[in-house]
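Commentary on secondary and tertiary structure
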Amino acid sequence: MNKVRLPLTCFYLVFFTLYSLMTRFTWTAARIDGSINSTLYRMLLILGCLLAIWWLIASRTEILSSHKKIDFFFLAGFIAVLCVSTLLNYSYQLFDNLYGIITFGFQLVLFYLMGRTLSEQEWDSIIQKIILCCSVLWDIACAASLIQFLLNISYKTQYAADRGAVRQGITDGRLFGLFSDPNFAAFTSLLLLAGLWHIISSSKKTLAMRIFVWFSIALNAMYIIMSNSRTVYLSVIGTVLIYVLLSSYKKYQAQGKSGLCVLRHLIIRSIITLVLLLVIYFATLMSLRGIAELISPDRDTAVEMVREDVNTENISNNRFTIWQAYLELYKEKPLFGFSTRGALPYATKNHPDSYLAKTQYVTHNSYLSLLIETGAVGFCVMASFMLLLFIRSMKRIRDKKPISKTYILFFSWMAAIFVFCICFHDIFFTMNIETMLFLSSMGFLWQKQFVN
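Keep in mind that this is a model prediction, so the values were computed, not measured. (Residues numbered from 1 in each chain as written. Predicted model: local features only at pLDDT ≥ 70, side-chain atom pairs only at ≥ 80, totals over all residues. Heavy atoms only, no water.)

1. Examining helix α9 (residues 207–227)
The terminal C-alpha atoms of α9 lie 30 Å apart, and with 21 residues this matches the ideal 30 Å at 1.5 Å per residue to within 8%. Taken as a whole, α9 has its buried residues at V213, S216, I217, L219, N220, Y223, I224, I225, M226 and S227. (Helix = DSSP H or I, 4+ residues; strand = E, 2+ residues; numbered from the N terminus. Expected span 1.5 Å × (residues − 1). Buried < 20%, exposed > 50% of the residue type's maximum accessible area, 1.4 Å probe, protein only.)

2. A word on the packing of aromatic side chains
Between two aromatic rings, the relevant description is the distance of the centres plus the angle of the planes. With the rule as written, the count across this model stands at 34 aromatic pairs. Here F16 and F111 contribute two aromatic rings whose centre-to-centre distance is 5.2 Å and whose plane-to-plane angle is 70 degrees, an arrangement assigned as edge-to-face. In this pair, F16 sits in helix α1 (residues 2–22) while F111 sits in helix α6 (residues 94–117), placing the two residues 95 residues apart along the sequence. For the pair shown, F16 and F111 are each scored as buried. Pairing Y355 with Y361 gives two aromatic rings, centres 6.0 Å apart and planes at 50 degrees, and the pair type is tilted. According to the relative accessible area criterion, Y355 is partly exposed, its value standing at 29%. For Y361, a relative accessible area of 30% translates into the label partly exposed. Among the aromatic residues, those joined into a ring-pair cluster are F78, F104, F418, F428, F429 and F438. The ring of F149 has R299 lying over it, and the distance from NZ or CZ to the ring centre is 5.1 Å. (Phe/Tyr/Trp six-rings, centres within 6.5 Å; stacked < 30°, edge-to-face > 60°. Lys NZ or Arg CZ within 6 Å of the ring centre and 35° of its normal.)

3. Notes on the sheet that holds strand β3 (residues 174–177)
Overall, antiparallel pairing links the three strands, which are arranged β1-β2-β3 in an open sheet. The open sheet has two edge strands, β1 (154–158) and β3, and neither has a second partner. Across this sheet, the average inter-strand angle for adjacent strands is 40 degrees, counted without regard to direction. Of the pairings in the sheet, the one linking β1 to strand β2 (residues 165–171) comprises five bridges and is antiparallel in character. Bridge pairing links Q158 to A165 in β2. The sheet contacts of helix α7 (residues 120–150) involve β1, β2 and β3, and relative to β3 the element is tilted by about 130 degrees. (Pairing = 2+ DSSP bridges. Axes fitted to C-alpha atoms, helices over the stretch in contact; angles between N-to-C directions. Contact = heavy atoms within 4.5 Å.)

4. Describing the side chain of S85
Considering the arrangement of structural elements, one finds S85 in helix α5 (residues 70–88). Polar side-chain contacts of S85 include one of 2.8 Å to the backbone oxygen of F336. Among all residues touching S85, those that are not within four sequence positions of it are F336, G337, F338, S339 and E373. (Polar contact = N/O pair within 3.5 Å; in protein donor to acceptor, adjacent residues only side chain to side chain.)

5. Remarks on the layout of surface pockets
In this model, the second largest pocket occupies a volume close to 830 Å³. L193, V236, V240, L277 and I280 are, among the 25 residues lining the second largest pocket, the residues nearest its centre. Taken together, the residues of the lining of the second largest pocket sort by class into 22 nonpolar, three polar and no charged. (1 Å grid on protein atoms, 1.4 Å probe; cavity = no way out; pocket = protein on both sides within 12 Å on 5 of 7 lines; lining within 4 Å. Points joined across faces, edges and corners; volume = space filled by probe spheres on them. Nonpolar A, V, L, I, M, F, W, Y, C, P; charged D, E, K, R; others polar.)

6. Section: a nonpolar patch on the surface
A contiguous nonpolar surface patch, about 560 Å² in accessible area, is contributed by M43, I46, L47, L50, I53 and I57. Along the chain, the position of I53 falls in helix α3 (residues 35–58). For I53, a relative accessible area of 49% puts it in the partly exposed group. (Patch = residues over 30% accessible without salt bridge, like charges linked within 9 Å, V, L, I, M, F, W, Y side chains within 5 Å. Areas by Shrake-Rupley, 256 points an atom, 1.4 Å probe, with all protein chains shown as cover. Salt bridge = Lys/Arg side-chain N within 4 Å of Asp/Glu carboxyl O.)

Everything listed is a geometric property; what it means functionally is a separate question.
Okay, structure coming up:
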């Protein structure tokens, strides 16, 4: 059955990821908005649910017989908390909340169970196909966005009839390019870049393929730099440092070096990595600015890349105010929260003059979202599982068990997502590339705790 299930799963993952990327291009998002987007979303949801049920049935023996199934108790407990929270908040977006639970449920079963069940070789093959397929589409958008910067193109376009105009090109100190949000666009580039680096470093490729992968790496790196996203910059630093630390550990472990020697090398390599990142950043930024000024001598690219929405008086770009407002709201339902979609409707109805009711801002922090949506109970259940996974991963490394390049890739993806979630909303209840990689990485890393 695996011979049928695996190709179907691979096809679904590619389709799922391409849909996620298309929603981040302003041009395609505007054209699939409304009924078309709803149809595609429901199609992905239905197909995902069917595939998740198939995976659940196919893996039932392993789930029921495994003595290492404590993770299923944590995750089932979290879904139970979601159901309780929805029932307690039935008067606030009930159907949207149920939709959110179904969305999370099928992704949890499908992506987490895949990560937990598939062999490393199978995962490596799937991941490479996904990254290479998506890179073709993403490269075109990144290249066009960089050309917009060089040609000093800036404009606004109407995203949809019921939404405001979307900034495009180089504007307000950032390269929006063809994307509706430079933060999510740059973060997508980071996730793809990590996958591309894994491809180029872990397997032999033809010359044409190697040229394509290096070209894609360069394009994604340039867009990340020009996006001027501080959160993504931090994610880059965290991801690269984790990758360097784990790959160095893998190398020195194979050489049989002592713990103190390994620690000294890790510190040195980390410092060198940070210096190299700074060199790459400034070299790329200065080069692109120089080319842009040669094309348009009257431009001041240094001024163009200054963000006016961030200053010493508002260094968080309103996030501190948003977080404070949600923490105040949290006090009213501390145990089970407001459900996945209930916080803003609740604030609008019960506190119409509040900051949240007037602005309708989401939390801009996934950890705070988890607390607000599922309360202290749900937050503690998921946090306990994450902590257990982290402790066991550290124990595996401390016990000097071998780690592979695929293991390092998934660990690096999780590090990137953990940092990015500090400033951006929701990782569980939406269908996007981050959620897919996050849940798959969790399943893969959990599986590896019991493999020598």
